[in-house]
Amino acid sequence: MNATIQPAAIRKTFTLRASPERAFQVFTAGFSGWWPRTHYVGDSPLTGAVIEPRAGGRWYGEHEDGVERPWGDVLTWDPPGRLVLAWRLNAEFAYDPALLTEVDVRFTAISDGETRVDFEHRGLERFGDSEAAVQTLSRMEGGWGLILDSFASAANA
Amino acid sequence: MANNLAFAALADPTRREVFERLAAGPSAVGELAQGLPVSRPAVSQHLKVLKEAGLVTDRPDGARRVYQIDPQGLGQIRAWLDRFWDTALDAFKAEVERNDDEEPKAP
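No experiment lies behind these values; they were computed from the predicted model shown. (Residues numbered from 1 in each chain as written. Chains lettered and ligands numbered in written order. Predicted model: local features only at pLDDT ≥ 70, side-chain atom pairs only at ≥ 80, totals over all residues.)

Q: Even after reading the chapter, I still don't get the overall build of chain B, so can you show me in this structure?
A: When helices and strands are counted, chain B shows 5 helices and 3 strands. Traced from its N-terminal end to its C-terminal end, chain B shows the element sequence α-α-β-α-α-β-β-α. Per-residue burial over chain B gives 23% buried out of 107 residues. Taking all contacts inside chain B whose residues are at least 6 apart in sequence as the whole, residues at least 24 apart take part in 49%. (Helix = DSSP H or I, 4+ residues; strand = E, 2+ residues; numbered from the N terminus. Buried ≥ 20, exposed ≤ 12 C-beta atoms within 10 Å, placed from the backbone. Contact = placed C-beta atoms within 7 Å.)

Laid out in structure tokens, this is it:
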């Protein structure tokens, strides 16, 4: 019997018609150009989004009210092959510096002018550490309390 | 909404019982039906609903099927993030390929 349940990492793989250099450049320097404007933290609309180009740099949203709202920081900056970001937004999309989930993006040249992107967002079981997540999920009915226990045991394992 | 489906799936007490038994460990239909006040076909029907809600998965094990809680079906957060990254990465791909008039550099 094993009651410990870990949510699987989110994985996406796809191919781009571009070099790894261009893919890395657009992902990072061009971040504001593709990040969905519908997805941001807080009440003030998003005007831009930034990934600072170095390990230890921040990634954050820029907002109409002039405030920069952090999402996390750059863990690995290794152009053009790899970028790892710390996603530190909890289950209620509040910034929590103690929370670490990892967004890992790899760019691999597969032929002339084509790049494979291997994307992974992992460590999702750590959302179980967040009290907000616990409360959000606790309010839900039925079997979710049970799921939550499993999350918590995974997180505390 | 997948999560609404999941909640609806768990609203039935017997179905919730089936789900909670699976939380203790993977199990086949026959094992699940033991000790439940419903028939084996009824248990199969409950499993079908739970599977459609993304709460359980099944796999063949010899002549029988073993059911278990789907770790990919767990929680709002994962489902939300999965949809979110689909949207974001589609936008990223479109942006990369939109301005591909530049000669790609040799790797």
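Q: In this structure, what is going on with the sheet that holds strand S4 (residues 68–78) of chain A? I would like to understand it.
A: Picture the strands of a sheet paired through backbone hydrogen bonds; they go either parallel or antiparallel. Residues and elements named next belong to chain A. A sheet is described by the order of its strands in space; here 7 strands give the open sequence S1-S7-S6-S5-S4-S3-S2, paired in antiparallel fashion. Only two strands of the sheet have a single partner each, and these edge strands are strand S1 (10–16) and strand S2 (46–51). The average undirected angle you get between the axes of adjacent strands in this sheet is 20 degrees. Of the strands in this sheet, S1, S2, strand S5 (82–87), strand S6 (101–111) and strand S7 (114–122) are in contact with helix H1 (residues 20–28), which crosses S6 at around 150 degrees. (Pairing = 2+ DSSP bridges. Axes fitted to C-alpha atoms, helices over the stretch in contact; angles between N-to-C directions.)

Q: Would you explain the pairing of S6(A) in this entry?
A: Every other side chain in a regular strand lies on the same face of the sheet, so the side chains alternate between the two faces. All names here are of chain A. Bridge analysis of S5 against S6 gives 6 bridges, and the strand direction is antiparallel. Across the sheet, Val-84 pairs through a bridge with Asp-104, a residue of S6. Across 9 bridges, S6 lies against S7 in antiparallel orientation. Following the sheet pairing, Val-103 is matched in S7 by His-121. The turn joining S6 and S7, which pair antiparallel and follow one another in sequence, is formed by 2 residues; a positive phi near 80 degrees is taken by Gly-113.

Q: Even after reading the chapter, I still don't get unusual backbone geometry, so can you show me in this structure?
A: Trans is the common state for peptide bonds, and a negative phi is the common state for residues other than glycine. At the junction of Pro79(A) and Pro80(A), the peptide bond is cis and its omega measures out at 0 degrees in the coordinates. Relative to the helices and strands, Pro80(A) resides in the loop between S4 and S5.

Q: Sorry if this is basic, but what is going on with H1(A) here?
A: One full turn of an α-helix is made of 3.6 residues, so residues set three or four places apart face in the same direction. Of all 9 residues that make up H1(A), 7 are buried, and the element is covered over most of its length. Buried residues of H1(A): Pro20(A), Arg22(A), Ala23(A), Phe24(A), Val26(A), Phe27(A) and Thr28(A), and no others.

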